[in-house]
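Read off the chains here:
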Amino acid sequence: MFSLPKQLVAESLGTGLLVATVVGSGIMAETLTEDTAVALLGNTLPTGAILVVLIMTLGPISGAHLNPAVTLAFLLKRSITSAPAAAFICAQILGGIAGSLLAHAMFDQPIFQSSITIRTGQGQWIAEIVATFGLVTTILAAFKFRAEAIPMLVGLYITAAYWFTASTSFANPAVTIARGFSDTFAGIRPLDVGPFILAQIIGSVCAVALCAWLLRSEPPEATRA
C-alpha cells in the first residue's frame, strides 16, 4: 500500500506523460506530414502505447486512473472515498496541463497557448459519451475478469476509439482540459471543453450503471430460467 502523496504524484506524473505524448506526437505528426490521416495515425499509436506503459508501471502505486472519468467510476462503485477521489482529480488536471506545457517546450513552441480548434456539435458530444462509456466498461469488466490485462486492453481500446469516434476519443476530462492549453494538432478550443467533459461524465456514469447489472454474478437457478 502506498501513501496518498505518492499516489497523487503517480497520478499527476502519469497524466502529464500521457498528455505530453498526445500533444507531442501530434506536433511531430504535423511536422512530418500534411496528410491528416497519416498525422492522426501518428498521434494514435504513441497514445495507445504510452497508456500500456503508464498503467503497467504506475498501476501498482495509484491504480493508474490517469483520468477523472475513471476516478468517478471507482467513486460511484465505492472503491475510493470522496476526499482521495477529489485529490486524484486535481492531481490529474494539474499534471495534464503540465504535460501540454512540457510538449510545447520540447518542440520549441510558445509554452502558454490557447487552442482555436473547434470541436463541437451533437456528433462530437455523442462520440465522447460513447468513447468514455466504452473505456470505463472495458476497465470495469477487465477489473473483474482479467485484471492483469487492463494495460493492454486500455491501450488497444483507445487506439481503436481514436478512429471509430467522431471526436477521436478524448474520453478524459483532465486530458480535455490540458488540450485546451495547446493550439496544436491535438488542441480543443476552451469554449468546447465544458460540453466534452459533460459528455464524458455521462458516459462514465452510464458505464457504471450498466456494469453494476451486467457484471453481477447470478445464482445457477437464475441463469437457467
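Note that the structure is predicted; figures quoted are calculated from it, not measured. (Residues numbered from 1 in each chain as written. Predicted model: local features only at pLDDT ≥ 70, side-chain atom pairs only at ≥ 80, totals over all residues. Heavy atoms only, no water.)

What to know about helix H4 (residues 82-106)
Threshold: Helix and strand definitions follow DSSP, with helices as H or I runs of at least four residues and strands as E runs of at least two, each counted in order from the N terminus. What a helix should span is 1.5 Å times the count of its residues minus one. Accessible area is worked out with a 1.4 Å probe on protein chains only. A residue is then buried under 20% of its type maximum, exposed over 50%, and partly exposed in between. Here, two residues are considered to be in contact whenever any of their heavy atoms come within 4.5 Å of each other.
Relative to the 36 Å expected for 25 residues at 1.5 Å per residue, H4 spans 36 Å between its end C-alpha atoms, a close match to the ideal helical length. Turning to H4, its buried residues number three or more, namely Ala85, Phe88, Ala91, Gln92, Gly95, Gly96, Gly99, Ser100, Leu101, Ala103 and His104. Those residues of H4 that are buried are in contact with helix H1 (4-32), helix H2 (36-62), helix H3 (68-76) and helix H7 (173-179). Of the residues trailing H4, aspartate 108 is marked for its positive phi of about 55°.

Observations regarding the packing of aromatic side chains
The line we're drawing: Note on ring pairs: Phe, Tyr and Trp rings are taken, using the six-membered ring of Trp, and paired if centres are within 6.5 Å. Classes follow the plane angle, with under 30 degrees stacked, over 60 edge-to-face and the rest tilted.
The full count for this structure, using the stated rule, is three aromatic pairs. Relative to phenylalanine 143, the ring of phenylalanine 74 has its centre 5.8 Å away and its plane inclined at 70°; by these criteria the two rings are edge-to-face. A residue pair is termed long-range when its members are at least 10 positions apart, and phenylalanine 74 in helix H3 and phenylalanine 143 in helix H5 (residues 122-145) qualify at 69 residues. We classify phenylalanine 74 as buried; its relative accessible area is 9%. Taking 5.1 Å as the distance between ring centres and 70° as the angle between the ring planes, the aromatic pair formed by phenylalanine 170 and phenylalanine 196 counts as edge-to-face. One end of the pair, phenylalanine 170, is in the loop between helix H6 (150-164) and H7; the other, phenylalanine 196, is in helix H8 (residues 190-214), and 26 residues separate them in sequence. Of the two residues examined, phenylalanine 170 and phenylalanine 196, each falls in the buried class.

A word on the side chain of aspartate 192
Checked against the element boundaries, aspartate 192 lands in helix H8. A relative accessible area of 3% places aspartate 192 in the buried class. Leave out the neighbours within four places in its chain, and aspartate 192 touches Thr117, Ile118, Arg119 and Thr120.

Some words on the pattern of salt bridges
We apply this condition: The rule for a salt bridge is simple: a side-chain nitrogen of Lys or Arg has to be within 4 Å of a carboxyl oxygen of Asp or Glu.
On inspection of all chains with the given rule, the structure shows two salt bridges. The salt bridge partner of arginine 189 is aspartate 192, with a shortest N-O separation of 2.9 Å. Arginine 189 sits in the partly exposed class, given a relative accessible area of 23%.

Considering the layout of surface pockets
For clarity, the cut-off: Each cavity reported here is a set of points on a 1 Å grid over the protein atoms alone in which a 1.4 Å probe fits but cannot get out, each pocket an open set with protein on both sides within 12 Å along at least five of seven lines, and each lining residue one with an atom within 4 Å of a point. Grid points are joined across faces, edges and corners, and a volume is the space filled by probe spheres set on the points. Classification used: nonpolar for Ala, Val, Leu, Ile, Met, Phe, Trp, Tyr, Cys and Pro, charged for Asp, Glu, Lys and Arg, polar for all others including Gly.
Of the voids in this model, the largest pocket is the one considered here, and its volume is about 770 Å³. Taken together, 40 residues make up the lining of the largest pocket; nearest its centre are Gly63, Ala64, His65, Val70 and Phe74. At the level of elements, H1, H2, H3, H4, H5, H6 and H7 are the ones that each hand at least two residues to the lining of the largest pocket. Per-element accounting of the lining of the largest pocket gives the leading share, eight residues, to H2. Looking at side-chain class alone, the lining of the largest pocket contains 29 nonpolar, ten polar and one charged residues. What the second largest pocket holds in volume is close to 160 Å³.

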